[in-house]
Amino acid sequence: MTDAPSSTPLAPPHKGEGDSTPLAPDDRKTSSALNPPLPLVGRGKGWGCLLRSRNRLFRTASILSVASLALAGGAVLSALALDRAFPPPLDPPALSREVVDRDGALLRAFAAPDGRWRFAADLDRIDPRFVDMLIAYEDRRFRSHSGIDPLAILRAAGQFAANGRIVSGGSTITMQLARLIEPRAERSLWAKARQAFRAWQIERRLSKAGILARYLTLAPYGGNIEGVRAAALAWFGKEPGRLTVSEAALLVALPQSPEARRPDRHPQAARAARDRVLARMAAAGLMSDAEALRAAAAGPVPDGRNRMPALAAHAAEAAMRENPGAARQQLTLKRPVQQALESVARQAAIRLGPKISVALVMADARTGEIVAEVGSADFFDSARAGWIDMTRAVRSPGSTLKPFIYGLAFEEGLVAQQTIIEDRPANFAGYRPRNFDMAYMGDVSVREALQLSLNVPAIRLLDALGPARLAARFRQAGVRPVLPPGEKPGLAMGLGGVGISLRDLVQLYTGLANGGFAAALRDRPGKVEPVRVLSAPATWQIVDILSGVRPPAGAPRLGIAYKTGTSYGYRDAWSVGFDGRHVVGVWVGRPDGAAVPGLAGYDAAAPILFDAFSRSGLGLAPFAPPPAGAIRTARADLPVTQRRFSGTRAAPRVAGVVEKAPEIVYPPNGARVEMTAPDEALALKLQGGRAPFRWLANGKPLDRGSRRRTASWRPEGAGFSTLTVIDAAGRAASVRIFVE
């Protein structure tokens, strides 16, 4: 009897057991797929034991995975919590204040409060090749990592293990920024870990461009220089926008060891570091070997620091005083013009002698914008009192106001260019102007009188017009000449008897260059409305006359109109000139007001004026064409009333009397006379008049009359006295003096 099959399931056969019939290939594949090989278990062990063992492994792996995820999550949460609790110090650093020109070019910089030169880095104004070299040298994977570069750290560790010394660091640019914003003297693994954490924090808050800009603002470049812009200015005297390959390589190398590689102190070390950067760039493919060799052979590294720009020093300081909290101030100046005119002033002062300073102002006549202003020959020259801004100092303008006297006379129709006017000694109620050379030319045309800057004709016209009217025109143009306290405008203002600054003088002359409209000067951006100071025809007449003035010796004919002036006592020399667009004013003298023998506007200031126009770099603009009604008429074609000027009130004529009215020439009116002895006689002198003459002192006759033009008088005591002389025609002249 055959045994029945057992109902107990069989364990799967082990190797060497069970059915010995070989499986077909397809059956083996299927069998393998459905029944993956299991670990050997002891004979007699079943499928249940194997499944339990596998489940335990799965549970252990799951627990470990969950634990790992929990730990990772906890670490992330902890990091985020630490990030919120201890954010990185990313407040903007204190920067150097700067004053820039109308185009944003740096004129003058002021050190940061901590005494360092530090400017904000603008990636758009930094040479892109320098940025590429910096990243390739310092942090190749800067644009892809999150603040920490594991590959760089492993490389640095391997190099340290192999060489026993630090060959390269593992710090990224972000980690270097972390060290710069939070400097610590400690050097340890814990400090490095803290840097890495800060780098991660910084990457969460700033873009890559922001990180790079912040790094290039704070990176050290030796001494008190921080940031690539300050470094480029200090070491190369230029902005970092256009660097040579050699310059860029040096700026890449310096931040690693800024003091040990300072070019001015350790030139060999600086050059070696620069050359290593060039070699690395060639190896990285950023440049060819030939280009790297050319850059290395370009020359030595700088042997000294350049001074930070200090152009327009007076204007920059004035701007900062007005707004001390501003980090950046913009002026209307043009840096190239400012630089050229400062050079003109400095060279002229050296030529003129010690203690003499030079000031210049160049302005746009149409807008009033100051293009360049030089307050002194050298701001840092104490011997010339360079710190004093002579463009704003109030001084005597000499003859520079005469064109406006003539302009008013043209406007009133008192004279034409060919009108004859007298240049002879004259007495205007005690005021006796004299020419600069103490000579007189007799009858001259108005054109000649202005071109030769004759004093008596100008005062004749001012006497007819009235000094108050001239002062009113100046006020209309926004200029208020300074008079002694309590004094009213007098005839002396026509020859410099008022105080005015160079800026105000240039402002007045914008009216001559701009068809009669004067524009208020300004060196800050903005707009002003020009105001009428002279009529257009009168202005054209003045421009036509002044454009015919002979240039100073050695100066070329530039096609400009100009006027010179010299103050009383040779204290100030002036020259103001203009073309159809710009006005330039020049002052020369000593800031302390001391006299300079022989100092004159034509010889000292006019050559500087022509030099300033020539070297300003601005093209000369033609004058405006004559307006309607502005013509130059020959004397024969003038109306009878304009052929000779006779409008002065100084010397009324008597019918049938040829001689001029008498004038007391000594003592002059207002004189203080010191008498050394009680019985001493004072000599009296007169000119003009018809003899005989009769003298009176305080209303009492001195004698019965004399035909001589001299007399003597013994004062009765100290104090004021009035002396009077009467000629045969009944005309009188008087002076008031004080006897001491």
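Residues numbered from 1 in each chain as written. Predicted model: local features only at pLDDT ≥ 70, side-chain atom pairs only at ≥ 80, totals over all residues. Heavy atoms only, no water.

Trainee: Hey, could you go over the sheet that holds strand 2 (residues 106-110) for me, with residue numbers and the actual values?
Mentor: Sheet architecture is open: three strands sit in the order 2-1-5, paired in mixed fashion. This sheet does not close on itself; its edge strands, each paired only once, are strand 2 and strand 5 (328-330). Put simply, the sheet's adjacent strands are angled 15° from each other on average, direction ignored. As paired strands, strand 1 (residues 97-100) and strand 2 are joined by four bridges and run antiparallel to one another. Each residue of the ladder has a partner; that of E98, found in strand 2, is A109. (Pairing = 2+ DSSP bridges. Helix = DSSP H or I, 4+ residues; strand = E, 2+ residues; numbered from the N terminus. Axes fitted to C-alpha atoms, helices over the stretch in contact; angles between N-to-C directions.)

Trainee: Before we move on, can you summarise the nonpolar core with the specific residues and values?
Mentor: Ranked by size, the top nonpolar core spans 105 residues in total, and within it L341, L360, Y406, F578 and V588 carry the most contacts. The biggest single contributor to this core is helix 20 (residues 601-615), with eight residues. Not counting the four nearest positions on each side in its chain, L341 is found in contact with L360, M362, A372, V374, A612 and S616. The next biggest cluster of nonpolar side chains, apart from the first, holds 58 residues, and it includes I135, I173, Y215 and L216. (Core = buried A, V, L, I, M, F, W, Y, C linked by side-chain atoms within 4.5 Å. Buried < 20%, exposed > 50% of the residue type's maximum accessible area, 1.4 Å probe, protein only. Contact = heavy atoms within 4.5 Å.)

Trainee: Could you give an account of helix 9 (residues 245-253), naming the residues involved and the relevant values?
Mentor: When you tally the buried positions in helix 9, you get nine out of nine residues, the bulk of the element. Of the residues making up helix 9, those classed as buried are V245, S246, E247, A248, A249, L250, L251, V252 and A253. Turning to helix 9, the residues buried within the fold contact helix 3 (128-138), helix 8 (228-236), helix 10 (267-284) and helix 11 (289-296).

Trainee: Would you mind going over the side chain of Q417 in detail, with residue names and values included?
Mentor: Of note, Q417 is situated in the loop between helix 14 (402-412) and strand 8 (420-423). Exposure remark for Q417: the relative accessible area of 2% places this residue in the buried category. Of the polar contacts made by the side chain of Q417, one reaches the side chain of Q541; its length is 2.6 Å. At 3.1 Å, the side chain of Q417 forms a polar contact with the side chain of D544. Excluding residues within four positions of it along the chain, Q417 makes contact with F410, S445, V446, R447, W540, Q541, D544, I545 and R632. (Polar contact = N/O pair within 3.5 Å; in protein donor to acceptor, adjacent residues only side chain to side chain.)

Trainee: Explain the environment of Y562 to me, and be specific about the residues and the numbers.
Mentor: By the secondary structure assignment, Y562 is in strand 12 (residues 561-566). Under the relative-accessibility criterion, Y562 is labelled buried at 1%. For the pair formed by Y562 and R550, sequence separation is 12 residues and the distance between their alpha carbons is 9.4 Å. Those residues in contact with Y562 that sit more than four places away from it in its chain are L546, V549, R550, P551, P552, S575, V576, G577, Y602, A606, L609 and F610. Of the polar contacts made by the side chain of Y562, one reaches the backbone oxygen of R550; its length is 2.4 Å.

Trainee: Please set out the pattern of salt bridges residue by residue, giving values where relevant.
Mentor: Applying the stated criterion across every chain, the model contains 39 salt bridges. A salt bridge links R118 to D114; the nearest nitrogen and oxygen atoms lie 2.7 Å apart. Using a relative accessible area of 5% as the deciding quantity, one classes R118 as buried. Given the relative accessible area of 45%, D114 is considered partly exposed. Three or more residues joined by partner-sharing salt bridges are found here, namely E322, E373, R503, D523 and R524. (Salt bridge = Lys/Arg side-chain N within 4 Å of Asp/Glu carboxyl O.)

Trainee: I'd like to hear about helix 8, residue by residue, with values.
Mentor: Within helix 8, nine of the nine residues are buried, which leaves the element mostly enclosed by the surrounding structure. Residues V228, R229, A230, A231, A232, L233, A234, W235 and F236 constitute the buried set of helix 8. Phi for G237, located one or two positions after helix 8, is positive at around 65°.

Trainee: Could you give an account of the pairing of strand 7 (residues 370-374), naming the residues involved and the relevant values?
Mentor: Burial runs high along strand 7: five of the five residues are buried. In terms of strand pairing, strand 6 (residues 357-364) meets strand 7 through four bridges, oriented antiparallel. Looking at the pairing, A363 lines up with I370 of strand 7. What sits between strand 6 and strand 7 in their antiparallel hairpin is a turn of five residues, with G368 showing a positive phi close to 80°.

Trainee: Go over the layout of surface pockets, please, and point to the residues and values.
Mentor: If you roll a probe as big as a water molecule over the atoms, it shows you where there is empty space left. In this model, the second largest pocket occupies a volume close to 1,500 Å³. Taken together, the elements giving at least two residues each to the lining of the second largest pocket come down to helix 15 (446-451), strand 12, helix 20 and strand 15 (663-666). Counting residues per element, the lining of the second largest pocket draws most heavily on strand 12, at five residues. (1 Å grid on protein atoms, 1.4 Å probe; cavity = no way out; pocket = protein on both sides within 12 Å on 5 of 7 lines; lining within 4 Å. Points joined across faces, edges and corners; volume = space filled by probe spheres on them.)

Trainee: Describe the sheet that holds strand 16 (residues 672-673), naming the residues involved and giving the relevant values.
Mentor: Strand pairing in a sheet takes place through backbone hydrogen bonds and is either antiparallel or parallel in direction. Pairing within the open sheet is mixed, and its five strands lie in the order 16-22-21-18-19. Edge positions in the sheet fall to strand 16 and strand 19 (700-701), since each has one partner strand and no second. Here strand 21 (residues 719-726) runs beside strand 22 (residues 732-739); their pairing, made up of eight bridges, is antiparallel. Paired with T724 across the strands is S734, a residue of strand 22.

Trainee: Give a detailed account of the pairing of strand 8, specifying residues and quantitative values.
Mentor: Of the two faces of strand 8, both are covered, the one formed by I420 and E422 as well as the one formed by I421 and D423. Sheet topology places strand 8 next to strand 9 (residues 442-445); four bridges connect them, and they run antiparallel. If you follow I421 over to strand 9, its bridge partner there is V444.

Trainee: Would you mind going over the confidence of the model for the protein in detail, with residue names and values included?
Mentor: With 86% of its residues at a pLDDT of at least 70, the protein reaches an overall mean of 87. Of the regions scoring below 50 in pLDDT, residues 1-35 engages in five contacts with residues more than four places distant in sequence or in other chains. Note on residues 648-652: pLDDT under 50 across the span, and nine contacts to partners over four residues away in sequence or across chains. (pLDDT = per-residue confidence, 0-100.)

Trainee: Outline the packing of aromatic side chains, supporting the account with residue identities and numerical values.
Mentor: Under the definition given, this model contains nine aromatic pairs. With a centroid separation of 6.0 Å and an interplanar angle of 75°, the aromatic rings of F578 and F623 are classed as edge-to-face. On the criterion of sequence distance, the pair formed by F578 in strand 13 (residues 572-578) and F623 in the loop between helix 20 and helix 21 (640-643) is long-range, its members being 45 residues apart. Take F578: its relative accessible area is 0%, and that puts it in the buried class. Here F720 and F738 contribute two aromatic rings whose centre-to-centre distance is 4.9 Å and whose plane-to-plane angle is 70°, an arrangement assigned as edge-to-face. You can see F720 sitting in strand 21 and its partner F738 sitting in strand 22, a full 18 residues away along the chain. (Phe/Tyr/Trp six-rings, centres within 6.5 Å; stacked < 30°, edge-to-face > 60°.)

Trainee: I'd like to hear about unusual backbone geometry, residue by residue, with values.
Mentor: The omega torsion across Y666 and P667 is 0°, close enough to zero to call that bond cis. For the bond running from A691 to P692, omega is 0°, close enough to zero to count as cis. Mapping P692 onto the fold places it in the loop between strand 17 (682-687) and strand 18 (694-697). Backbone geometry at K355 places phi at a positive 70°, although glycine is not the residue there. If you trace the backbone, K355 turns up in the loop between helix 13 (335-352) and strand 6.

Trainee: Which residues make up the side chain of Q507, and what values do they have?
Mentor: Looking at where Q507 falls in the secondary structure, it is placed in helix 18 (residues 502-513). Not counting the four nearest positions on each side in its chain, Q507 is found in contact with A477, G478, V479, A518, A519, A520 and L521.

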